Every structure is written in C-alpha cells, then in structure tokens.
Amino acid sequence: MAIAMTLQKYLDDQGVAYEVVTHPPAMRMASAAEAAHLPDGCVAKSIVLEDDGGYVLAVIPASHRLQLGELHRWLDRRLGLASEDEVGTLFKDCELGAVPPIGAAYGLEVVMEDDLAGQRDVYFEAGDHCSLIHVNAEDFRRLMADARRGRFSRPD
C-alpha cells in the first residue's frame, strides 16, 4: 500500500515535501520507530477517540502513553476509544491501526501533545504498517495548524 490515497492527495494539495520511509512490518508505533531506526520521540502516533460530540484524533509521541483523564479535564469531554469498526469507517484507505495524524485530510478534529511541536523532524503512519511519512518541523506545524495543543500524555 505505501501511502493512503487520501493522505497523499492532502499532502500534495498542501504543497508539503515528504519522504516515505519503509520498514519491516510493525503493529505499534514504538516498534515502527525501532524498525526504522528512529528515536520514538519524533514519531507521532494517533489514537481515535469518540463521544456523543463526535470523533477526536489524539496525536502523541510514540514514546508516550495517552493520559485520558488529563484529556477529559482539558477538553471537558468524556472521550473513549473508538471501536475498530469506527476507525475502519473513518480511515477507509488505511490498514486497521495505521492511522495518520493529519485529521484535516479525513475531516477530524485533532488534539496534539505539545512535545511533538518541538521536534526538528516528524514521522507518522502513511496508512499501512510498513511505511512512515517523514516531514520537517515547519511542514508538520503547518499540517497541524488547526490542532489544539496541550499536555495530555506521559513518557512510557
């Protein structure tokens, strides 16, 4: 698969320079970072959450664990993990569990952990379990311009 068509079109439409980095199959972002020989602090992982108000894409470093209670307090929402079926419906052109953090491409609200904003380079899911997208910090900030930023994760 390499890169999801929705993501590729969005990156191209935004004029973002990117590189596709392939690695051995990995089902977790920390494993993908290790397989691609990258520090997991610069690898973004996405978690699809939902409540009665809709879906939210939480984007945190692969080295971190989501603190759902912190997110509840910050957003004043009682979010829970979206089901696999819901994720599959939202990200139809991605393999299950290989969710890109670029919510704007999929019409989703995004919240992003502050720690990602300071990275010089960022890597994230391309839509399968064997490819990452690499962008520079400036382009990542531009792609995430509509994301709310805060602190809602902790290092593993």
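As shown above, the structure is provided for reference.
In short, a report on the structure. (Residues numbered from 1 in each chain as written. Predicted model: local features only at pLDDT ≥ 70, side-chain atom pairs only at ≥ 80, totals over all residues. Heavy atoms only, no water.)

1. A closer look at the side chain of Glu113
Point 1. Summarising the element assignment, Glu113 is placed in strand β6 (residues 109-113).
Point 2. Polar contacts involving the side chain of Glu113 include one to the side chain of Arg151, which spans 3.3 Å.
Point 3. From its side chain, Glu113 meets the backbone nitrogen of Phe152 in a polar contact 2.8 Å long.
Point 4. Residues contacting Glu113, with those up to four places away along its chain left out, are Val59, Ile60, Pro61, His64, Gly150, Arg151, Phe152 and Ser153. (Helix = DSSP H or I, 4+ residues; strand = E, 2+ residues; numbered from the N terminus. Polar contact = N/O pair within 3.5 Å; in protein donor to acceptor, adjacent residues only side chain to side chain. Contact = heavy atoms within 4.5 Å.)

2. Observations concerning the state of the cysteines
Point 1. Within this structure, the stated rule accounts for zero disulfides.
Point 2. With no disulfide partner, Cys42 has as its closest neighbouring cysteine sulfur the one in Cys130, 19 Å distant.
Point 3. Lacking any disulfide linkage, Cys130 is separated from the closest cysteine sulfur, that of Cys94, by 14 Å. (Disulfide = S-S within 2.5 Å.)

3. Quick look at the packing of aromatic side chains
Point 1. Taken as a whole, this structure holds three aromatic pairs when the rule is applied.
Point 2. Judged by centre distance (5.6 Å) and plane angle (15 degrees), the ring pair of Trp74 and Phe152 falls under stacked. Highlighted residues: Trp74 in helix α3 (residues 68-75) and Phe152 in the loop between β9 (148-150) and β10 (153-155), separated in sequence by 78 residues.
Point 3. Classification of Trp74 as partly exposed rests on a relative accessible area of 29%.
Point 4. Seen in terms of ring centroids, Phe91 and Tyr106 are 4.5 Å apart; in terms of plane orientation they differ by 45 degrees. Their pairing is tilted. Of this pair, Phe91 sits in the loop between α4 (84-90) and α5 (103-106) while Tyr106 sits in helix α5, and the two are 15 residues apart along the sequence. (Phe/Tyr/Trp six-rings, centres within 6.5 Å; stacked < 30°, edge-to-face > 60°. Buried < 20%, exposed > 50% of the residue type's maximum accessible area, 1.4 Å probe, protein only.)

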